[in-house]
Amino acid sequence: MPLQLVTPPSEEPVSLWEAKLHLRVDFDEDDMLIASLITAARQAAETLTGRQFTTARWKQVLDCFPGPSLMGVPAGQAFSLPGHAILLFKTPVQSVVSINYLDMGSALQVMPGATYTVDTACEPARITPVFGQIWPICLPQIGAVSITFDAGYGSAAQVPEGIKSWIKLRVGSLYAHREEIAVLSRGRVEALSFIDGLLDPYKVAFL
């Protein structure tokens, strides 16, 4: 996925105090460990859901603007994903900061905000030129177009409780079982499936 994290979130959806309350830990010696587990669990959850939880800034890089030069939406359809729409692959999108592209002279240009429209109610969010406009001609080169946008529910208080509960449960599992396997009753050894998921934020998908 052609996404780059520009500005990471300034806070976690679950605070250290909330995690310690869930874990029933009343001492400070493990604070650094628990904080790192919160981050690991949050990254795994964001990878599984394709969502950004607390506000962060992302850049999506494309090789060109999509779709034909003659643009519009299908008549009579209440909702569509037109071929010329750019879809943003982190949700929920708060706002688009800028759309940049390399023109045919290799100069970096910024699209005026009045020339495109953003539908943040849709997931993934859609961007198209406004009626009467077309996407500009860009340099036929990889990475010629980039969209910078802010995504996330907002502050930690605005993140849905279901997501917070999942993170706390994952932190609890990681805190209780600090190795790749768990030794259960009668000496039975069982792999912990969630361990592999912690690597997902670092995987590269080759299309």
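Residues numbered from 1 in each chain as written. Predicted model: local features only at pLDDT ≥ 70, side-chain atom pairs only at ≥ 80, totals over all residues. Heavy atoms only, no water.

A. Region of the structure containing the sheet that holds strand E6 (residues 116–119). Ordered in space as E3-E7-E6, the three strands form an open sheet in which the pairing is antiparallel. The open sheet has two edge strands with one neighbour each: strand E3 (86–88) and E6. Each strand of the sheet is rotated relative to its neighbour by a mean of 20 degrees, with strand direction disregarded. Bridging between E6 and strand E7 (residues 125–129) involves four bridges; their strand directions are antiparallel. Bridging across to E7, Thr 117 finds its partner in Thr 128. (Pairing = 2+ DSSP bridges. Helix = DSSP H or I, 4+ residues; strand = E, 2+ residues; numbered from the N terminus. Axes fitted to C-alpha atoms, helices over the stretch in contact; angles between N-to-C directions.)

B. Examining the nonpolar core more closely. Within the largest apolar cluster, 24 residues are counted, with the highest numbers of intra-cluster contacts made by Phe 65, Leu 88, Ile 99, Ile 127, Ile 147 and Phe 149. Of all the secondary structure elements, the ones that give two or more residues to this core are strand E2 (56–62), E3, strand E4 (93–102), E7 and strand E8 (145–151). Counting residues per element, this core draws most heavily on E4, which supplies five residues. Not counting residues within four places of it along the chain, the set of residues in contact with Leu 88 comprises Gln 60, Val 93, Val 96, Pro 124, Ala 125, Ile 127, Ile 147 and Phe 149. With 19 residues, the next largest nonpolar core counts Val 25, Ile 34, Ile 38 and Phe 53 among its residues. (Core = buried A, V, L, I, M, F, W, Y, C linked by side-chain atoms within 4.5 Å. Buried < 20%, exposed > 50% of the residue type's maximum accessible area, 1.4 Å probe, protein only. Contact = heavy atoms within 4.5 Å.)

C. View of the pairing of E8. With respect to burial, E8 is a largely interior element, seven of its seven residues being buried. The alternating pattern of E8 places Val 145, Ile 147, Phe 149 and Ala 151 on one face and Ser 146, Thr 148 and Asp 150 on the opposite face, and all of these are buried.

D. Molecular detail of the sheet that holds strand E1 (residues 3–7). Strand order in the open sheet made by the five strands is E1-E2-E8-E4-E5, with antiparallel pairing throughout. Looking along the sheet, the strands with just one partner apiece sit at the ends: E1 and strand E5 (108–110). Direction aside, the axes of adjacent strands within the sheet are offset by 25 degrees on average. Pairing of E1 with E2, which is carried by four bridges, proceeds in the antiparallel orientation. Bridge pairing in E2 links Gln 4 to Lys 59.

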